[in-house]
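# Architecture and fold: a report
Here are the chains, one letter per residue:
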Amino acid sequence: MSLEKKVRVRFAPSPTGGLHLGGVRTALFNYLFAKHHKGDFILRIEDTDQTRFVAGAESYINECLAWCGITPDESPEKPGSFGPYRQSERKPSYRQYAEQLIEKGHAYYAFDTAEELDEQRKLQPNFRYSHENRLDLRNSLSLDEAEVARLLAEGHPHTIRIKIPAEGTVSFEDMIRGRVAFETSLIDDKVLLKADGMPTYHLAVVVDDKAMEISHVFRGEEWLPSAPVHILLWEYLGWKEEMPQWAHLPLILKPDGNGKLSKRDGDRLGFPVYAMNWTDPASGNTTIGFREKGFLPEAFVNMLAMLGWNDGTEEEFFTLEQLIEKFSFERISKAGAKFDFEKAKWFNREWIQRTPNEELVPQIKALLAEKGIHAETDKVNTTLALVKDRMTFVADFWEHASYFFQAPESLDTAAVKPKWTPEKTVFFEEVITLFEEQSDWTASNLETIFKEKIAQSGLKVGELMLPLRIMLVGGKFGPDVFVIVETLGKEQVANRIKNGLEIIQN
């Protein structure tokens with residue numbers, strides 16, 4: 001692909017709530033494309049709809065992107081030469097372009113009240129403001145010039161709508177879908193400027209993309225129906241030659257493939273759909289995110305990239321740097337990608353195995369600190385090596401390794417109690433003494449001592465190994481029992497065997 005000008009792409013979320021994984025994937029694909037072509041990735045906050053604005057949502061978006069390693073070159077926090085980077089701060093520029101469209105005959109003032117439009121919707125179930133009815137409604141096309149001038153002079157609330165041609169076709173070349181065409185007769189006259197003077201998405205996105213010299217637009221497939229309105233605006237404002245190239249990304253679908261994945265699906269099926277925890281300020285309800293669920297950012301980004309893209313091989317594991325190197329829009333699928341939480345967990349499990357222990361230790365120590373346990377780095381490192389292959393999430397460490405840091409609260413003695421004998425009690429009491437005498441506290445030496453003692457006692461290995469494990473860890477799980485003995489240390493092993501004998505005999 002030849003690029004005539006510097007690649008500049010943008011991710012333009014609205015600060016209205018949690019960041020859906022579809023939004024993060026849009027940011028990711030924009031970022032990968034920009035970095036692959038040595039271009040710029042811009043974060044622009046689309047906060048023109050003040051009725052939906054949520055305090056804290058912008059900082060949440062910044063934190064999500066930072067967690068994923070998707071770093072903007074320009075943003076409200078890191079301004080460049082094309083700011084401001086919040087649409088609300090660009091408000092004065094939009095009216096000038098809306099008025100320019102009116103002067104050229106491509107837009108008009110609409111004075112209809114919300115109540116009047118609601119009445120129309122009751123009369124016409126599929127009501128849309130368009131070439132079919134605009135001359136029957138209250139706007140500067142149907143009213144005489146004097147009446148329009150009076151209403152404007154009196155400050156009568158009004159919107160500005162684009163005047164879509166009654167006939168014609170708008171077409172463009174989508175980088176993913178090829179040629180896409182729309183009949184203008186089927187498109188309604190979208191509002192460009194609202195009564196509060198704020199632009200709608202349609203006007204703002206075009207004005208801002210022009211001002212910021214955006215070269216390519218990667219956005220979700222759900223915006224495809226808006227494309228003809230935007231293309232007409234680029235043309236009507238005289239900027240068609242500078243219009244960015246378009247690419248509409250496939251949807252992320254529900255696990256069964258029927259429709260777009262939503263927060264409701266996550267709630268229903270028990271998996272996250274937001275990048276990070278989001279707490280609704282109005283209700284106080286928290287929706288869990290991938291980060292808090294225990295996903296590594298590398299696994300999350302890798303999983304997202306594979307939803308609708310591949311590099312043409314069977315390879316599935318990529319670092320962010322490898323994704324930048326290999327990313328190509330030609331490999332983006334046109335079809336929607338089903339979200340599979342089991343596959344997402346598989347990515348995380350594999351990434352945990354591939355991540356060096358020293359990189360996971362700080363997270364493990366933080367997890368232990370939440371439990372009130374201060375652990376030395378060396379012990380965490382040693383323990384992690386024993387249980388890492390059982391972990392899907394970092395939080396799984398506690399389930400598989402808690403007994404290394406505190407004695408089990410209960411013992412699963414059901415399997416050993418029925419066959420318990422006084423001889424076994426004597427055996428373990430003598431084992432405690434033997435263990436306490438050992439200066440060579442290694443798994444191999446301790447196993448030799450234990451098995452020699454079994455041979456002398458005339459008891460069976462199977463009858464004694466399981467009770468030892470249960471006394472130490474609480475149940476029938478964990479790595480090699482003598483590795484556990486070595487890791488716990490002399491004092492803990494003696495205390496746990498004594499406690500186990502007391503519980504079994506009672």
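Read on for an overview of the structure. (Residues numbered from 1 in each chain as written. Predicted model: local features only at pLDDT ≥ 70, side-chain atom pairs only at ≥ 80, totals over all residues. Heavy atoms only, no water.)

### A look at the overall build of the protein chain
Per the secondary structure count, the protein chain includes 20 helices and 13 strands. For 506 residues, the compact-globule estimate of 2.2 N^0.38 gives 23 Å, and the protein chain exceeds it by more than 25% at 32 Å. With the principal axes as the frame, the protein chain shows a C-alpha extent of 110 × 50 × 40 Å. For the protein chain, the proportion of its 506 residues judged to be buried stands at 51%. Considering only residue pairs separated by 6 or more positions, the protein chain has 71% of its internal contacts joining residues 24 or more positions apart. Within the protein chain, the 78 negative side-chain charges are centred at a point lying 2 Å from the centre of the 61 positive side-chain charges. (Helix = DSSP H or I, 4+ residues; strand = E, 2+ residues; numbered from the N terminus. Rg over C-alpha atoms; globule rule 2.2 N^0.38 Å. Buried < 20%, exposed > 50% of the residue type's maximum accessible area, 1.4 Å probe, protein only. Contact = heavy atoms within 4.5 Å. Lys, Arg positive; Asp, Glu negative; His and termini not counted. Charge placed at Lys NZ, Arg CZ, Asp CG, Glu CD.)

### Regarding the pairing of strand E9 (residues 245-249)
Most of E9 sits out of view: 4 of its 5 residues are buried. Here strand E8 (residues 216-220) pairs with E9 via 5 bridges, running parallel. Within the sheet, the bridge partner assigned to Val217 lies in E9 and is Trp246. In this fold, the crossover linking E8 to E9 by way of helix H7 (residues 227-236) has right-handed handedness. (Pairing = 2+ DSSP bridges. Right-handed = clockwise from strand over helix to strand, strands pointing away.)

### Points about the nonpolar core
Grouped together as the largest cluster of nonpolar side chains are 115 residues, with contacts concentrated most on Leu21, Phe300, Phe339, Phe397, Phe428 and Phe450. Ranked by residue count, the leading element in this core is helix H1 (residues 21-36), at 9 residues. The contacts of Phe428, once residues within four sequence positions are left out, are Trp420, Phe450, Leu464, Pro467, Leu468, Met471, Ile497 and Leu501. Counting 43 residues, the second-largest nonpolar core is a separate cluster that includes Leu101, Leu151, Ile214 and Leu233. (Core = buried A, V, L, I, M, F, W, Y, C linked by side-chain atoms within 4.5 Å.)

### With respect to the sheet that holds strand E3 (residues 107-110)
Strands sit in the order E3-E4-E7 across an open sheet of 3 strands; the sheet is antiparallel. Either end of the sheet is taken by a strand with one partner, and the two such strands are E3 and strand E7 (191-193). Direction aside, neighbouring strands of the sheet carry axes that sit 40 degrees apart on average. Bridge analysis of strand E4 (residues 159-162) against E7 gives 2 bridges, and the strand direction is antiparallel. When the bridges of E7 are listed, Arg161 appears paired with Val191. The strands that helix H3 (residues 91-103) touches are E3, E4 and E7; relative to E3, the one it contacts most, it runs at about 110 degrees. (Axes fitted to C-alpha atoms, helices over the stretch in contact; angles between N-to-C directions.)

### Quick notes on the packing of helix H6 (residues 201-211) against H7
Where H6 meets H7, the closest approach of the two axes is 10 Å, and the angle between their N-to-C directions is 50 degrees. Taken together, the axes of H6 and H7 are oblique relative to one another. Crossing of H6 over H7 shows right-handed handedness. Here H6 contributes Tyr201, His202, Leu203, Val205, Val206, Asp209 and Lys210 to the contact with H7, which in turn contributes Val229, His230, Leu233 and Trp234. Residues of the contact of H6 with H7, tallied by class, amount to 7 nonpolar, 2 polar and 2 charged. (Parallel < 35°, antiparallel > 145°, perpendicular 65-115°, else oblique. Left-handed = near helix turned anticlockwise from the far one by under 90°. Nonpolar A, V, L, I, M, F, W, Y, C, P; charged D, E, K, R; others polar.)

### Section: unusual backbone geometry
Omega for the peptide link from Gly83 to Pro84 comes to 0 degrees, which places this bond in the cis form. Note that Pro84 resides in the loop between helix H2 (57-68) and H3. Of note, the phi angle at Lys38 is positive, near 55 degrees, even though the residue is not glycine. As for its placement among the helices and strands, Lys38 is situated in the loop between H1 and strand E2 (40-43). Given the relative accessible area of 69%, Lys38 is considered exposed.

### What about the packing of aromatic side chains?
Tallied over the full model, the rule gives 36 aromatic pairs. Their ring planes at 70 degrees and their centres at 5.0 Å tell us that Phe290 and Phe295 sit as a pair that is edge-to-face. Side by side, Phe290 and Phe295 carry an identical accessibility label, which is buried. Where Trp420 meets Phe428, the ring centres are 6.1 Å apart and the plane angle is 15 degrees; that geometry is what we call stacked. Site record: aromatic cluster; members linked through ring pairs are Trp67, Phe271, Phe290, Phe295, Phe300, Phe339, Phe341 and Phe393. Directly above the ring of Tyr129 sits Arg161, whose terminal nitrogen or CZ lies 3.9 Å from the centroid. Stacked on the ring of Phe405, the Lys or Arg Lys379 has its end atom at 4.9 Å from the ring centre. (Phe/Tyr/Trp six-rings, centres within 6.5 Å; stacked < 30°, edge-to-face > 60°. Lys NZ or Arg CZ within 6 Å of the ring centre and 35° of its normal.)

### As for the pattern of salt bridges
Enumeration according to the criterion identifies 36 salt bridges in this entry. Residue Glu132 is joined to Arg128 by a salt bridge in which the shortest nitrogen-to-oxygen separation is 3.6 Å. The partner of Lys451 in a salt bridge is Glu447, and the shortest N-O contact between them spans 2.7 Å. Of this pair, Lys451 and Glu447 both sit in helix H17 (residues 443-457), 4 residues apart, which is roughly one turn of the helix. Shared partners join several salt bridges into a network, and the residues in it are Arg10, Arg44, Glu46, Arg90, Asp208 and Asp209. (Salt bridge = Lys/Arg side-chain N within 4 Å of Asp/Glu carboxyl O.)

### Let's talk about the environment of Thr433
By the element assignment, Thr433 lies in helix H16 (residues 422-436). When its relative accessible area of 41% is taken as the criterion, Thr433 is described as partly exposed. Thr433 sits 61 residues away from Ala494 along the chain, and the two C-alpha atoms are 8.5 Å apart.

### Some thoughts on helix H12 (residues 341-354)
Taking 1.5 Å of rise per residue, the 14 residues of H12 would be expected to cover 20 Å, and the 20 Å separating its terminal C-alpha atoms lies within 8% of that figure. Turning to H12, its buried residues number three or more, namely Phe341, Ala344, Phe347, Asn348, Trp351 and Ile352. On an axial view of H12, the arc spanned by its buried residues comes to 135 degrees, and they lie on one face. On its buried side, H12 packs onto helix H9 (290-293), helix H10 (297-305) and helix H13 (357-370). (Expected span 1.5 Å × (residues − 1). Arc of directions from axis to C-beta.)

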